[in-house]
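Examining the three-dimensional arrangement
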Amino acid sequence: MTPTPHTGDTLTHRLSGRVALITGGARGQGAAHAYRLASEGAVVFLADVLDDDGARTAEELRSKGFDATYLHLDVSNPDDWQAAHRLVDDTHGRLDILVNNAGIVDVTNLEDLALDTWNRVLSVNLTGAFLGLKTMIPLLRKGTGSAVVNTSSIFGPSGAIGYAAYAASKAGMLGLTRTAALELAPDGIRVNALVPGGVSTPINAQEAQGGVVPETPLGRRADVTELAAAVAYLVSDDASFVTGTELVVDGGFRTR
């Protein structure tokens, strides 16, 4: 039986006063992260290229009494990251939480995969997180209990037929996470990876019927709120001694 997702209505404010930036925050998983972190007291910036969806999501959060701002951000564009840095710095002078959630999917067999497609997937999924970390480190150093979550995937360690670019980008995210955790530990900045299994979001609409559900012992996809709960843990003080690791939320997924 699928559990009733926790909406966050009765949560304690363990993120009270923290400033969070979530990429890919306009809809789906990113919007769920924004709602959960805001529910726990964080000020949230939702960043995306889907401007109409992003503005609507931010307005919905504000209508619930949360502090939410939408900003246009192409994560593969260094200039957009610099603009995001200026906005956060001008309004709060620091950043406490960075969630590198933005991503795109391509499903093409390796033999038919175009170089342009390969480069585009990696530019968003992996280079985007690199640029986010690189640009925001000075603000994270000024933060309180600063934490970064990079979104990988079970396809990163396992691979998947037709997902060469996507799997490579998500495997690279694990290496980036571990390296950043080592380099930023002296600054007290924690960096971890979220490794989701199947999840119900618009981005997986291309998947074959059922996706990874047949390989998932719990027999279903995750709800976005279940992954948002994992992110909320990783960026909170409850995870103050957790860095350089992967939190796998995959319903028991195993490769064949």
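Shown above is the structure to which this text applies.
Residues numbered from 1 in each chain as written. Predicted model: local features only at pLDDT ≥ 70, side-chain atom pairs only at ≥ 80, totals over all residues. Heavy atoms only, no water.

1. Points about the environment of Thr23
Secondary-structure assignment places Thr23 in strand β1 (residues 19–23). With sequence-adjacent residues up to four places away left out, Thr23 is seen in contact with Ala47, Leu73, Val75, Trp81, Val99, Asn100, Asn101 and Ala102. Here the side chain of Thr23 touches Asn101 through a polar contact of 2.9 Å, landing on its backbone nitrogen. (Helix = DSSP H or I, 4+ residues; strand = E, 2+ residues; numbered from the N terminus. Contact = heavy atoms within 4.5 Å. Polar contact = N/O pair within 3.5 Å; in protein donor to acceptor, adjacent residues only side chain to side chain.)

2. Structural notes on empty space enclosed by the protein
Inspection of every chain in the model, using the stated rule, returns 1 cavity of 30 Å³ or more. Thr23, Val75, Asn100, Asn101, Ala102, Val124, Asn125, Gly128, Ala129 and Met173 are the residues that line the largest cavity. When its residues are assigned to classes, the lining of the largest cavity shows 5 nonpolar, 5 polar and no charged. (1 Å grid on protein atoms, 1.4 Å probe; cavity = no way out; pocket = protein on both sides within 12 Å on 5 of 7 lines; lining within 4 Å. Points joined across faces, edges and corners; volume = space filled by probe spheres on them. Nonpolar A, V, L, I, M, F, W, Y, C, P; charged D, E, K, R; others polar.)

3. Re helix α6 (residues 164–184)
Helix length check: α6, at 21 residues, gives a terminal C-alpha distance of 30 Å against a target of 30 Å (1.5 Å per residue), a fit within 8%. Within the sequence span of α6, burial applies to Ala165, Tyr166, Ala167, Ser169, Lys170, Met173, Leu174, Leu176, Thr177, Ala180, Ala181 and Leu184. Next to the buried residues of α6 lie β4 (97–100), α4 (115–141), β5 (147–151), α5 (155–158), β6 (190–196) and β7 (246–249). (Expected span 1.5 Å × (residues − 1). Buried < 20%, exposed > 50% of the residue type's maximum accessible area, 1.4 Å probe, protein only.)

4. A short note on the nonpolar core
Among the nonpolar cores identified, the biggest contains 31 residues, and Leu21, Trp81, Leu95 and Met136 are the most heavily contacted of them. For this core, the secondary structure elements donating two or more residues are β1, β2 (43–48), α3 (78–92), α4 and α6. Counting residues per element, this core draws most heavily on α4, which supplies 9 residues. Once you skip the residues sitting within four places of it in the chain, Leu21 turns out to touch Phe45, Ala47, Leu71, Trp81, Leu95, Ile97, Leu98, Val99 and Met136. Residues Ile22, Leu46, Tyr70 and Ile97 belong to the second largest nonpolar core, which totals 27 residues. (Core = buried A, V, L, I, M, F, W, Y, C linked by side-chain atoms within 4.5 Å.)

5. Some points on the environment of Phe130
Relative to the helices and strands, Phe130 is located in helix α4. Owing to a relative accessible area of 41%, Phe130 belongs among the partly exposed residues under this scheme. Between the alpha carbons of Phe130 and Thr177 there is a distance of 9.4 Å; along the sequence they are 47 residues apart.

6. Digging into the pairing of β4
Where burial is concerned, the two faces of β4 agree: the one with Ile97 and Val99 and the one with Leu98 and Asn100 are both buried. In the sheet, β1 pairs with β4 via 3 bridges, with the strands oriented parallel. Note that in β4 the partner of Ile22 across the bridge is Val99. Sheet analysis places β4 next to β5, joined by 4 bridges and oriented parallel. Directly across from Asn100, in β5, lies its bridge partner Asn150. Read as a crossover between parallel neighbours, the route from β4 over α4 to β5 is right-handed. (Pairing = 2+ DSSP bridges. Right-handed = clockwise from strand over helix to strand, strands pointing away.)

7. Focus: the side chain of Lys170
Counting through the fold element by element, Lys170 comes out in helix α6. Take Lys170: its relative accessible area is 3%, and that puts it in the buried class.

8. Things to note about the packing of α4 against α6
Direction vectors running N to C along α4 and α6 enclose 15°, while the axes themselves pass 8 Å from each other. Comparing their axes, α6 and α4 come out roughly parallel. The handedness of the crossing between α4 and α6 is right-handed. Between α4 and α6, the residues in contact are Trp118, Val121, Leu122, Asn125, Leu126, Ala129, Phe130, Leu133 and Ile137 and Ala164, Ala165, Tyr166, Ala168, Ser169, Lys170, Gly172, Met173, Leu176, Ala180 and Leu184, respectively. The class makeup of the residues in the contact of α4 with α6 is 16 nonpolar, 3 polar and 1 charged. (Axes fitted to C-alpha atoms, helices over the stretch in contact; angles between N-to-C directions. Parallel < 35°, antiparallel > 145°, perpendicular 65-115°, else oblique. Left-handed = near helix turned anticlockwise from the far one by under 90°.)

9. Points about the packing of α3 against α4
Where α3 contacts α4, the axes come no closer than 10 Å and their chain directions differ by 30°. By the angle class used here, α3 and α4 are roughly parallel. The hand of the α3/α4 crossing is right-handed. On the side of α3, the interface is formed by Pro78, Trp81, Gln82, Ala84, His85, Val88 and Asp89, while α4 contributes Gly128, Leu131, Gly132, Thr135, Met136, Pro138 and Leu139. Its residues assigned to classes, the contact of α3 with α4 comprises 8 nonpolar, 5 polar and 1 charged.

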